Amino acid sequence: MSDRTHYECIDLRLGDELWRLDDPDTPRDMVARLERHCEFCSACRLRRDLGAHLSSGLKAKRLTLPVARPSSRARILFRWATGAGATALAAGLTMIAILPPVSSRVFLHTRAPDDAPAVTRPVSEEIIAGGNPSLAWTPLEGAREYEVSVRSVDSEFEWTGTTASADIAVSDEVALPQGQRYRVTVTPTPSYAAPSGSLRSTFRTGNLRAVAAYRLASGSRSGRFVGLAGALALLTGVLGMVVTRRR
Amino acid sequence: MNHDSQHTGEQKLAEAIKSYRERRPGADDQLLGLIREPVLESTRRFLGDDADWTDDIVQESLVATLRYLDGETEFSGDLVGLSVTIARNRCRDLARWRGRRPQAEVESVSEWLADPQQNILDKLVESELFDHLQTALGHLGRDCHDLLRALFLDEIPTEDVRRRLGLSTVQGVYYRKAVCLEQLGSVFQGLVAGRSRDETGHGARMPREGASE
């Protein structure tokens, strides 16, 4: 259809050089050839004349150019921020879920040095889901075996086990009731392997919401940092994209 | 065989052009004899049933071809293609004219056809011209908008525009402007012909630097 409505250039060797009319460095004879070409070529004359009409129309405000939207660079940046933010948020949440939480012991003023032997999982005052948790502690030099006791502060529940390694899982035959506070005592044999005869800690069991809230508040510091940065980037990206789309 | 006859035809045409440029007696008739047939055939094919104007368009196109040749100090292009294209552009003008003014007087059409400098813009009233231009502007890409704004509205020096676009020469700026105007012209012609945006298929991107250089 355009074949019947759109002009064709009569001599493309010159038509392709039409832009040189704007160039002040174009030799005079070339300018003369191009201008003469325009006299005969409807396609090139149209292009040249439209340029002139466009210039006068814009200056006289009879024509307007569409309002510039935010640069594509900004849109790309917002899109990138959204993607990177979502990825970082997911990575942060995964780290919070997988890595050990920060022990409240760190924030307490204790006389024990940071590298003193201790129960390492659950960390002090950690909230876990209950069931059959795994317990772990710092291996003690000279200890042949360990006697582990988990006792509820709020009920009669008590479980004991013995192991030669520095970790143990609560037996499948019992399950820690939810919503209770527990005290863990690890006593090595011989008992002098531990500085004070045994290692002690406390933790709690709770429902999923309580566990998630605890993890968000006390999860791995690096995980929380990555997650927070991701959430901020995601928020910025989404808001930026919404604003640029509205414009 | 075909190749040989084509070669002979090109040779004949080159000799005829040379004779015409040397102003030898009868050279114009000889040259016109070589290009008349393809122009006539192309015009007939374009106009179809509207054959009343075939002879006028062919005649005007041949005259325009000779005038074009007169102005070129050295012509090495395709003269047949050039004359056929002139004729086809005149056919487009005629079709547009008749589409817009079906009751036009025969005499005025003849006069208009005889003037090679007439074109589509002359036949549009100013308001219609700007309406179409405004619509066509909306079909251009953002790169073109930015460039046209910088050159026509903000009147930023070409050198500054070049730097802003990251081009190595100002010629690249001129070339890009020409490409934008070409796109504008194409959309514009589609609008004048009453075609939809989808058919025109515009909004093309800017060429990369160096496409012209």
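Conventions adopted
Residues numbered from 1 in each chain as written. Chains lettered and ligands numbered in written order. Predicted model: local features only at pLDDT ≥ 70, side-chain atom pairs only at ≥ 80, totals over all residues. Helix = DSSP H or I, 4+ residues; strand = E, 2+ residues; numbered from the N terminus. Contact = placed C-beta atoms within 7 Å. Nonpolar A, V, L, I, M, F, W, Y, C, P; charged D, E, K, R; others polar. Pairing = 2+ DSSP bridges. Axes fitted to C-alpha atoms, helices over the stretch in contact; angles between N-to-C directions. Parallel < 35°, antiparallel > 145°, perpendicular 65-115°, else oblique. Left-handed = near helix turned anticlockwise from the far one by under 90°. pLDDT = per-residue confidence, 0-100. Expected span 1.5 Å × (residues − 1). Buried ≥ 20, exposed ≤ 12 C-beta atoms within 10 Å, placed from the backbone. Arc of directions from axis to C-beta.

Novice: Can you lay out the overall build of chain B for me, pointing to particular residues and giving the numbers?
Specialist: Assigned secondary structure in chain B consists of 10 helices and zero strands. Of all intrachain contacts in chain B linking residues separated by at least 6 positions in sequence, the fraction that spans at least 24 positions is 60%.

Novice: Can you lay out the interface of chain A and chain B for me, pointing to particular residues and giving the numbers?
Specialist: In many analyses, interface size is given as the accessible surface area lost on bringing the parts together. Listed as interface residues are 34 residues of chain A and, on the opposing side, 45 residues of chain B. The leading source of residues in the side of chain A that touches chain B is helix α4 (residues 42–59) of chain A, at 12 residues. Taken together, the residues of the side of chain A that touches chain B sort by class into 14 nonpolar, eight polar and 12 charged.

Novice: Tell me what's going on with the sheet that holds strand β1 (residues 119–121) of chain A, and back it up with residues and numbers.
Specialist: Residue and element names in this part refer to chain A. Strand order in the open sheet made by the three strands is β1-β3-β6, with antiparallel pairing throughout. Among the strands making up the open sheet, the edge pair consists of β1 and β6 (167–169). Averaged over neighbouring strand pairs, the angle between their axes works out to 25° when direction is ignored. Where strand β3 (residues 134–137) and β6 come together, three bridges link them in antiparallel fashion. Within the sheet, the bridge partner assigned to Leu 135 lies in β6 and is Ile 168.

Novice: Help me get a handle on the packing of helix α6 (residues 126–138) of chain B against helix α9 (residues 170–192) of chain B, residues and values and all.
Specialist: Residues and elements named next belong to chain B. The contact between α6 and α9 brings their axes to 9 Å, and the two run at 125°. If you check the angle between α6 and α9, you find them oblique. Like other packed secondary-structure pairs, α6 and α9 cross with a definite hand, here right-handed. In this structure, α6 contributes His 132, Leu 133, Thr 135, Ala 136 and Leu 137 to the contact, and α9 contributes Leu 184, Val 187, Phe 188, Leu 191 and Val 192. Its residues assigned to classes, the contact of α6 with α9 comprises eight nonpolar, two polar and no charged.

Novice: Outline the confidence of the model for chain A, listing residues and values.
Specialist: When pLDDT is averaged along chain A, the result is 87; 91% of the residues meet or exceed 70. Counting interchain partners and residues more than four positions distant, the pLDDT-below-50 stretch residues 106–110 of chain A has one contact.

Novice: Tell me about α6(B), residues and numbers included.
Specialist: Residue and element names in this part refer to chain B. Between its first and last C-alpha atoms α6 spans 19 Å; for 13 residues at 1.5 Å apiece the expected length is 18 Å, and the two agree. Among the residues of α6, those classed as buried are Leu 129, His 132, Leu 133, Ala 136 and Leu 137. Viewed end-on, α6 has its buried residues packed into an arc of 140°, placing them on one side of the element. Counted as exposed and oriented over 90 degrees from the buried face of α6: Ser 127 and Glu 128.

Novice: Any details on the packing of α4(A) against α9(B)? Residues and values, ideally.
Specialist: Here α4(A) crosses α9(B) at 100°, and the two axes come no closer than 9 Å. Relative to α9(B), α4(A) is oriented roughly perpendicular. Here Leu46(A), Arg47(A), Leu50(A) and Gly51(A) of α4(A) lie close against α9(B), whose contacting residues are Leu181(B), Glu182(B), Leu184(B), Gly185(B) and Phe188(B). Partitioned by chemical class, the residues of the contact of α4(A) with α9(B) number five nonpolar, two polar and two charged.

Novice: How would you sum up unusual backbone geometry? Please name residues and give values.
Specialist: All names here are of chain A. Cis geometry marks the peptide bond from Arg 121 to Pro 122; its omega dihedral reads -15°. Positionally, Pro 122 belongs in the loop between β1 and β2 (126–128). Of note in this structure, Glu 125 is not a glycine but carries a positive phi near 70°. For Glu 125, the location among the structural elements is in the loop between β1 and β2.

Novice: A description of the sheet that holds strand β8 (residues 199–205) of chain A should follow, citing residues and the corresponding values.
Specialist: One key point about sheets: their strands pair by backbone hydrogen bonds, in either a parallel or an antiparallel sense. Residues and elements named next belong to chain A. An order of β2-β8-β7-β4-β5 is seen for the five strands of this open sheet, with the pairing classed as mixed. Across the chains shown, the open sheet's two edge strands, defined by having one partner strand only, are β2 and β5 (158–163). Within the sheet, the average angular offset between the axes of one strand and its neighbour, ignoring direction, is 25°.

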